[in-house]
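# Descriptive analysis of the structure
As a plain string of letters, each chain reads:
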Amino acid sequence: MEPILQLLQKFKKPTIIPGFGLSLGFTVFYLSLIVLIPLSGLFVKTATLSFHQFWQVITSARVIASYKLTFGVALAAALVNAVFGMILSWVLVRYKFPGKRLIDAMIDLPFALPTAVAGIALTAIYTRDGWLGKYLAQLGIKVAFTPLGIIVALVFVGLPFVVRTIEPVLQEFDNEIEEAAASLGASRLQTFTKVIFPHIFPAFVTGFSLAFARGLGEYGSVIFIAGNMPMVSEIVPLLIVIKLEQYDYAGATAIALVMLLVSFSLLFAINMLQKWSSEYRNT
């Protein structure tokens, strides 16, 4: 036994942080305290329902409508953020213009601004008497208290995730690669689609997935502008809160459990796609 321990000590590399055992123990303890124990509470409380009761809760018409709305608006907002977030990242990295630092600072505003404040501000702006809402109303477009208003709120809170994910990758991209593509006769569109975009695609997918995940769980900025009409503009997080206020804890955890499983499955698939694209780009 002692020769084995001596051999392990011989190949053990010195590190700044504590040893593997202590680091792993602290990691597992912290992960359990912050993530695993709260999530296991969902399973434990939901287990108080029979399968028939559980199925009735998660497949009721009101809940299904909330699922469709939540995933639909989160996907739409994430797609908008992915496209315009990439464009904004490109402008901030490649060009110099007056007010650039101000715009760069404003991108992080949703991180610092309380979501409830953002929801109230967006509602005030997009109501029929608001700064933008009154002009949109003349065109027959209603934003506040509609699903479109939810998309606007999710675009606001999700944009920084895309910009801050793509921006560092663009900064590290070597401009000489673009020049080489141009010298070989590639057009600007070909250079972007064949050279630049494959390089930033993993970051693009990561930013999209982060914005999508934020949209699924967003609550504060949405409840004010959504209108919260059942079967029309009622999101799943709000429905969970309503169940809790009615002391239907098992029903609330059942809906939350479905959201957890579906969200985890979608994010896992997106991460696998990102890993595949990264490996494909490096080959």
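Now for a quick tour of the structure. (Residues numbered from 1 in each chain as written. Predicted model: local features only at pLDDT ≥ 70, side-chain atom pairs only at ≥ 80, totals over all residues. Heavy atoms only, no water.)

## Details of the packing of helix 4 (residues 61-94) against helix 11 (residues 188-217)
Spelled out, the test is: For helices, the fitted axis covers only the stretch in contact; all axes are lines through C-alpha atoms, and the angles between them, taken along N-to-C directions, range from 0 to 180 degrees. Counting from the N terminus, the helices are DSSP H or I runs at least four residues long and the strands are E runs at least two residues long. Note on terminology: angles under 35 degrees are roughly parallel, angles over 145 are roughly antiparallel, angles of 65 to 115 are roughly perpendicular, and the others are oblique. Left-handed describes a crossing in which the near helix is turned anticlockwise from the far one by less than a right angle; the clockwise case is right-handed. The contact criterion used is simple: two residues touch if any of their non-hydrogen atoms lie within 4.5 Å. When residues are grouped by polarity, Ala, Val, Leu, Ile, Met, Phe, Trp, Tyr, Cys and Pro land in nonpolar, Asp, Glu, Lys and Arg in charged, and all others, Gly among them, in polar.
It is the contact of helix 4 with helix 11, at a shortest axis distance of 8 Å, that shows an interaxial angle of 140°. As judged from the angle between their axes, helix 4 and helix 11 are oblique. As for how helix 4 packs across helix 11, the hand of that crossing is right-handed. Residues Thr-70, Phe-71, Ala-74, Leu-75, Ala-78, Leu-79, Asn-81, Ala-82, Val-83, Met-86 and Trp-90 of helix 4 pack against Phe-192, Ile-196, Phe-197, Ile-200, Phe-204, Phe-208, Ala-211, Phe-212, Gly-215 and Leu-216 of helix 11. A breakdown of the residues in the contact of helix 4 with helix 11 according to their chemical character gives 18 nonpolar, 3 polar and no charged.

## Some words on unusual backbone geometry
Our working definition: Remark: exposure states derive from per-residue accessible area (1.4 Å probe, protein chains only) relative to the maximum for the residue type, with buried under 20%, exposed over 50%, and partly exposed in between.
Here Asn-228, not a glycine, exhibits a phi torsion of approximately 55°, which is positive. Examined against the element boundaries, Asn-228 turns out to sit in the loop between helix 12 (220-226) and helix 13 (236-245). Judged by relative accessible area, Asn-228 falls into the partly exposed class, the value being 26%. Phi angles above zero are rare outside glycine, and Tyr-247 is one such case at about 60°. One can find Tyr-247 in the loop between helix 13 and helix 14 (249-282).

## Comments concerning the packing of aromatic side chains
Rule in force here: In this scheme Phe, Tyr and Trp rings, the latter by its six-membered ring, pair at centre separations within 6.5 Å, and the angle between planes marks the pair as stacked below 30 degrees, edge-to-face above 60, and tilted otherwise.
Evaluated as defined, the whole model comprises 10 aromatic pairs. When the ring of Phe-201 is compared with that of Phe-204, the centres are 6.5 Å apart and the planes differ by 20°; the resulting orientation is stacked. Linking Phe-201 with Phe-204, this pair stays in helix 11, spanning 3 residues, or about one helical turn. Of the residues examined, Phe-201 reaches a relative accessible area of 24% and is grouped as partly exposed. With 6.2 Å between their ring centres and 85° between their planes, Tyr-247 and Tyr-249 make a pair best called edge-to-face. On the accessibility criterion, Tyr-247 (64% relative accessible area) is exposed. Taken together, Trp-90, Phe-192, Phe-197, Phe-201 and Phe-204 form an aromatic cluster joined through their ring pairs.

## Side note on the pattern of salt bridges
Counted only if it meets this: Salt bridge, as applied in this entry: a Lys or Arg side-chain nitrogen positioned within 4 Å of an Asp or Glu carboxyl oxygen.
This structure, assessed with the given rule, holds 6 salt bridges. Taking the shortest distance from any N to any O, the salt bridge between Arg-62 and Glu-234 comes out at 2.6 Å. Of this pair, Arg-62 sits in helix 4 while Glu-234 sits in the loop between helix 12 and helix 13; the two residues are 172 residues apart in sequence, bridging distant segments of the chain. Classification of Glu-234 by relative accessible area gives buried; the value is 2%. Where Lys-243 meets Asp-248, a salt bridge forms, and the shortest distance between an N and an O atom there is 3.7 Å. For Asp-248, a relative accessible area of 28% translates into the label partly exposed. Three or more residues joined by partner-sharing salt bridges are found here, namely Asp-104, Asp-108, Arg-164 and Glu-167.

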